[in-house]
Amino acid sequence: MKTNNVEVVAEIGVNHDGSLKKAKLLALAARDAGADFVKIQSFSAELLALRSTPKVGYQKRRDSSHSHFEMLSRLALSHSDQEKLQAFCLGEGIGFFSTPYDPSQVSFLAGIGVPYIKIASADIIDVDLLEAAAATGIPPIVSTGMASIQEISSAVNLFESEGADITLLHAISMYPAPVGSLRLGSILELKRRFNVRVGFSDHSEGALAASVAVALGSAMVEKHLTLDK
């Protein structure tokens, strides 16, 4: 899949479990699979959840932390570790960027010089975050899972008013997403409506959906990876 026209992003997310060593192993696996970039998540537990926030069902089954806050604290990579991971990735021949979850994380990522800033679909209506990202001048990637056309349009208008070269990612916010739910025709609809670069954040299993997305003109494909399912 690695071509001059399609960028492949390996989404590590928090599958490093807060371990820099595991993050490096994931980055190597992504590089060896032919990905162009790895992506992680940049966040502070204190700014994402109350200490009293309970975990949801799947978190209770898969994580031994006592609370949502404790789980997030365990999964966060420090700024120092993120800088080390970036340096490692670049030294090993794969790009690195991240999804920030608050403006302070945007500032950090801008300071270390990432090629993209990814906006998670849940944050497409977070105007403060979008404005902070737009102000950096770094090309934004905006995931559209669960967003309405009006919400997508508002985000596109905000970034384009700052001259940003935006990429929209069609996404279905299910993990894993059944093939019958993927609505890949939305890739064409996003291109028609907004006349911007469009890609696909693939939450389905296997490689078929990503291949179809590329055939439909996706300029970027993002796929989650882990070392152990």
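Look up a bit, the structure's there.
Because the structure is predicted, anything quoted here is derived from the model rather than measured.

A. Molecular detail of helix H4 (residues 68-75). Restricting attention to buried positions, one finds in H4 the residues His-68, Phe-69, Met-71, Leu-72 and Leu-75. For H4, the angular spread of the buried residues around the axis is 160 degrees, confining them to a single face.

B. Representation of the environment of Arg-193 within the structure. Along the chain, Arg-193 turns up in helix H9 (residues 185-194). For Arg-193, a relative accessible area of 44% puts it in the partly exposed group. Taking C-alpha positions, Arg-193 is 21 Å from Asp-123, a pair spaced 70 residues apart along the chain. Of note is the side chain of Arg-193, whose polar atom sits 2.6 Å from the side chain of Glu-189.

C. How the structure looks around unusual backbone geometry. That bond from Tyr-175 to Pro-176 is cis: its omega, -5 degrees, falls within 30 degrees of zero. Tracing the sequence through the fold places Pro-176 in the loop between strand S6 (167-171) and H9. Unlike most non-glycine residues, Asp-17 shows phi in positive territory, near 60 degrees. Take Asp-17: it is sitting in the loop between strand S1 (7-13) and helix H1 (20-32). With a relative accessible area of 36%, Asp-17 lands in the partly exposed category. Even without glycine at this site, Met-146 takes up a positive phi of about 70 degrees.

D. Focus on the packing of helix H5 (residues 79-91) against helix H6 (residues 103-112). Contact geometry for H5 and H6: axes closest at 11 Å, N-to-C directions at 35 degrees. Here the hand of the crossing between H5 and H6 comes out right-handed. Where H5 abuts H6, its residues His-79, Gln-82, Glu-83 and Gln-86 lie against Gln-105, Phe-108, Leu-109 and Ile-112. Across the contact of H5 with H6, the residue classes tally to three nonpolar, four polar and one charged.

E. Main features of the packing of helix H7 (residues 127-136) against helix H8 (residues 149-161). Between H7 and H8, the least distance of the axes is 9 Å, while the angle of their chain directions is 30 degrees. Compared by their axis directions, H7 and H8 come out roughly parallel. Crossing of H7 over H8 shows right-handed handedness. On H8, the residues touching Val-127, Leu-130, Glu-131, Ala-133 and Ala-134 of H7 are Ala-155, Leu-158 and Phe-159. For the contact of H7 with H8, a count of residues per class yields seven nonpolar, no polar and one charged.

F. Spatial organisation of the pattern of salt bridges. Counted under the stated rule, the structure contains ten salt bridges. When the shortest N-O distance is used, the salt bridge between Lys-22 and Asp-17 registers 2.8 Å. We note a salt bridge from Lys-223 to Asp-202, for which the minimum N-O separation is 3.0 Å. Of this pair, Lys-223 sits in strand S8 (residues 220-224) while Asp-202 is found in strand S7 (residues 197-202), placing the two residues 21 residues apart along the sequence. Its relative accessible area of 23% is what places Lys-223 among the partly exposed residues. Classification of Asp-202 by relative accessible area gives buried; the value is 1%. Here the salt bridges share partners, and the residues they tie into one network are Arg-31, Asp-32 and Glu-92.

G. Seen up close, H8. Taking 1.5 Å of rise per residue, the 13 residues of H8 would be expected to cover 18 Å, and the 18 Å separating its terminal C-alpha atoms lies within 8% of that figure. Regarding H8, the residues found buried are Ile-152, Ala-155, Val-156, Leu-158 and Phe-159. With its buried residues spanning 160 degrees around the axis, H8 presents them on a single face. Pointing more than 90 degrees away from the buried face of H8 are the exposed residues Gln-150 and Ser-161. Here the buried face of H8 lies against strand S4 (117-119), H7, strand S5 (140-143), S6 and H9. One or two residues past the end of H8 sits Gly-163, with phi positive at roughly 75 degrees.

What counts and what doesn't
- Every chain's residues receive numbers from 1 upward, in the order its sequence appears when written.
- At least 70 in pLDDT is required for a residue's local features to be given in this predicted model, at least 80 for side-chain atom pairs to be given and counted, and no such filter applies to totals for whole chains, interfaces and linings, which use all residues.
- Note: side-chain values were computed over all heavy atoms of the structure, leaving out hydrogens and water.
- Think of it in three bands: residues with accessible area under 20% of the maximum for their type are buried, residues over 50% are exposed, and the middle band is partly exposed, with areas taken using a 1.4 Å probe on protein chains only.
- Helix and strand assignments come from DSSP, with helices taken as H or I runs of at least 4 residues and strands as E runs of at least 2, each series counted from the N terminus.
- Each C-beta atom gives one direction from the helix axis, and the arc is the one those directions make.
- Polar contact is the term for a pair of N or O atoms within 3.5 Å; when the atoms are in protein, one must be able to donate a hydrogen and the other to accept it, and sequence-neighboring residues count only if both atoms are side-chain atoms.
- Axis lines are fitted through C-alpha atoms, for helices just across the contact stretch, and the angle between N-to-C directions can take any value from 0 to 180 degrees.
- Crossing handedness is defined as follows: a turn of the near helix away from the far one that is anticlockwise and smaller than a right angle gives a left-handed crossing, while the clockwise case is right-handed.
- The contact definition used throughout considers only heavy atoms, calling two residues in contact when any of these lie within 4.5 Å.
- Under the grouping applied here, Gly and all other residues not named as nonpolar or charged are polar, the nonpolar ones being Ala, Val, Leu, Ile, Met, Phe, Trp, Tyr, Cys and Pro and the charged ones Asp, Glu, Lys and Arg.
- When an angle is under 35 degrees it counts as roughly parallel; over 145 it counts as roughly antiparallel; between 65 and 115 it counts as roughly perpendicular; any other value is oblique.
- Definition used for salt bridges: Asp or Glu carboxyl oxygen within 4 Å of a side-chain nitrogen of Lys or Arg.
- Expected helix span is given by 1.5 Å per residue-to-residue step, counting one fewer step than there are residues.

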